[in-house]
Amino acid sequence: MEINDYIRANWVFFKQIYNDETVLNAVKEEIFGETKKLLKYADLLLEGKWSKLEGMPPIFILSTLALCLKPTYDRFIRMGLSESVFYDTMSDIKIWGEDYRNHHNGEIGLTEINWLYLHVNCEIFKIGRLQYQIGKFYFNKSAEIAGRTIKYGDKCYFIHIPRGAKLDSVSCKKSITLATDTLGDIFKDIQTDVMMCQSWLLSPKNMNFVAKDSNIAKFANMFSLTSESEGAEQHFRWIFDIIADEKTFAKNKKKLGYYMDLSKFNATTSLQKAAKDYVMAGGEFSSGKGLLVTKDIIG
């Protein structure tokens, strides 16, 4: 395929995924200004060599992703996945592009290539509300659950929760049911009866500020908690949209008694208001690791 034909083929998909004229014009300008270099890095990314893109300008990273879409689409279809799963999966590109834009005064690009390489390498799939990453069990040496033993290194799916729609139990259960059927038919060597998740959403400490009938509580209750670890970064990132490292939070907690002074933070949601009060009272956050038995969800 000629270079211009290859670019046009990828552009068809990128326009569908990132339908924003300002972004499209910026990426188009980058592509025609750095064509040869971008094609080289697109090939590297498709080979799984995502680390080559670390430290590159955000607009360059976004443009590289834009030139990987046609080969990725073809691979999705060959694997037996639908066009809708492809587009839903690749919608993460726009989610992270807009996240970068919002935190950098409208600058266009993204930096999460350490995450998005999974998408173009067909290692993660969004099916309904949730994402499913091909992975290996790593929580413990082994775990006994649902009458079976899952051992360290066993292939299984890692559930992720993308930003966007509400995390209601109906959508989550529908997603898990559909994913179990879809992925089970395609990847027969990966068990689907047990899936794992590591997230701030699984923290038992959340029950100090979320309602028992909340979507967060219902989601967490689908999992059997295996362990809990300290950390506040995810809570601040996804509840308050505040980005800071764990060292900052730990230092503040030791010195001030709370992770961050939120007294002037304008809480606009019930979750933000409850979490803000919890933080200012010296409450602690954590992340949880849990296992989900799909038959308990599917029935």
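So, how was this worked out
- Residues numbered from 1 in each chain as written.
- Predicted model: local features only at pLDDT ≥ 70, side-chain atom pairs only at ≥ 80, totals over all residues.
- Heavy atoms only, no water.
- Phe/Tyr/Trp six-rings, centres within 6.5 Å; stacked < 30°, edge-to-face > 60°.
- Helix = DSSP H or I, 4+ residues; strand = E, 2+ residues; numbered from the N terminus.
- Buried < 20%, exposed > 50% of the residue type's maximum accessible area, 1.4 Å probe, protein only.
- Axes fitted to C-alpha atoms, helices over the stretch in contact; angles between N-to-C directions.
- Left-handed = near helix turned anticlockwise from the far one by under 90°.
- Contact = heavy atoms within 4.5 Å.
- Nonpolar A, V, L, I, M, F, W, Y, C, P; charged D, E, K, R; others polar.
- Core = buried A, V, L, I, M, F, W, Y, C linked by side-chain atoms within 4.5 Å.
- Salt bridge = Lys/Arg side-chain N within 4 Å of Asp/Glu carboxyl O.
- Polar contact = N/O pair within 3.5 Å; in protein donor to acceptor, adjacent residues only side chain to side chain.
- Pairing = 2+ DSSP bridges.

K.L.:
Honestly, the packing of aromatic side chains in this entry has me stumped. Any pointers?
P.N.:
Ring pairs (aromatic) are described by centroid distance and by the angle formed between their planes. Across all of its chains, the model carries 27 aromatic pairs by this definition. Measuring from centroid to centroid gives 5.5 Å for Trp11 and Phe14, while their planes differ by 45°, and the two rings are tilted. You can see Trp11 and its partner Phe14 sitting in helix H1 (residues 3-17), three residues apart, about one turn around the helix. Of the residues examined, Trp11 reaches a relative accessible area of 15% and is grouped as buried. When the centroid spacing of 5.2 Å and the interplanar angle of 75° are considered together, the rings of Phe86 and Tyr87 count as edge-to-face. Accessibility expressed as a relative area gives 0% for Phe86, which makes it buried.

K.L.:
Just checking my understanding: could you explain the environment of Thr269 for this structure?
P.N.:
By the secondary structure assignment, Thr269 is in the loop between helix H11 (246-256) and helix H12 (270-280). Once the C-alpha coordinates of Thr269 and Leu69 are considered, the two residues, 200 residues apart in sequence, prove to be 36 Å apart.

K.L.:
Mind showing me how you'd approach the packing of helix H10 (residues 233-240) against H12 here?
P.N.:
The geometry of a pair of packed helices is captured by two quantities: the angle between their axes and the separation between those axes. Between H10 and H12, whose axes approach to 10 Å, the crossing angle comes to 145°. The two elements H10 and H12 cross, and the hand of that crossing is left-handed. Contacts between H10 and H12 pair Phe236, Ile239 and Phe240 from the former with Leu271, Gln272, Ala275, Lys276 and Val279 from the latter. A breakdown of the residues in the contact of H10 with H12 according to their chemical character gives six nonpolar, one polar and one charged.

K.L.:
Explain the nonpolar core here, please?
P.N.:
Proteins that are soluble and globular tend to have nonpolar side chains buried together. Within the largest apolar cluster, 88 residues are counted, with the highest numbers of intra-cluster contacts made by Phe14, Ile93, Tyr132 and Phe236. Beyond its immediate sequence surroundings of up to four residues, Phe14 is in contact with Leu24, Val27, Leu62, Ala66, Leu69 and Ile93. Among the nonpolar cores identified, the runner-up in size contains 11 residues, and Ala143, Cys156, Met196 and Val293 belong to it.

K.L.:
Just checking my understanding: could you explain the pattern of salt bridges for this structure?
P.N.:
Opposite charge on two side chains lets them pair, provided their charged atoms get close. Using the criterion set out here, one finds 12 salt bridges in the structure. Between Arg237 and Asp241 there is a salt bridge whose closest N-O contact spans 3.2 Å. Here Lys253 makes a salt bridge to Glu284, at a shortest N to O gap of 4.0 Å. Taken together, the residues Lys253 in helix H11 and Glu284 in the loop between H12 and strand E8 (286-293) connect sequence positions 31 residues apart. On the accessibility criterion, Glu284 (43% relative accessible area) is partly exposed. Residues joined by salt bridges that share partners form a network here, namely Asp99, Arg163, Arg237 and Asp241.

K.L.:
Explain the side chain of Thr294 here, please?
P.N.:
Relative to the assigned elements, Thr294 resides in helix H13 (residues 294-298). By relative accessible area, which is 4% here, Thr294 ends up buried. Polar side-chain contacts of Thr294 include one of 2.9 Å to the backbone oxygen of Thr192. Setting aside chain neighbours within four positions, we find Thr294 in contact with Ile176, Thr180, Thr192, Asp193 and Met195.

K.L.:
Would you explain the pairing of strand E3 (residues 142-145) in this entry?
P.N.:
For a regular strand, the rule is simple: side chains alternate between the two faces of the sheet. Of the two faces of E3, the one holding Ala143 and Ile145 is buried and the one holding Ser142 and Glu144 is not buried anywhere. Relative to strand E4 (residues 148-151), E3 runs antiparallel, the two sharing four bridges. Bridge pairing links Ser142 to Lys151 in E4. Linkage of E3 to E4, two consecutive antiparallel strands, is achieved through a turn of two residues, within which Ala146 is found at a positive phi near 55°.

K.L.:
What exactly am I supposed to notice about the sheet that holds strand E7 (residues 224-230) here?
P.N.:
What links the strands of a sheet is backbone hydrogen bonding, and the strands pair in either a parallel or an antiparallel sense. The six strands are arranged E1-E2-E5-E6-E8-E7 in an open sheet whose pairing can be described as mixed. Edge positions in the sheet fall to strand E1 (124-127) and E7, since each has one partner strand and no second. Taken pair by pair, the neighbouring strands of this sheet meet at an average axis angle of 25°, ignoring direction. In this structure, E1 lies alongside strand E2 (residues 130-136), joined through four bridges in antiparallel fashion. Within the sheet, the bridge partner assigned to Ile127 lies in E2 and is Leu130.

K.L.:
Looking at this model, I keep getting lost on unusual backbone geometry. Mind explaining?
P.N.:
A negative phi angle characterises most non-glycine residues, just as the trans form characterises most peptide bonds. In this structure, Asn105 takes a positive phi of about 55° despite not being glycine. Along the chain, Asn105 falls in the loop between helix H6 (83-103) and helix H7 (113-120). On the basis of relative accessible area, Asn105 is assigned to the exposed category, the value being 82%. We note that Ala146 has phi near 55°; this positive angle belongs to a residue other than glycine. Looking at where Ala146 falls in the secondary structure, it is placed in the loop between E3 and E4.

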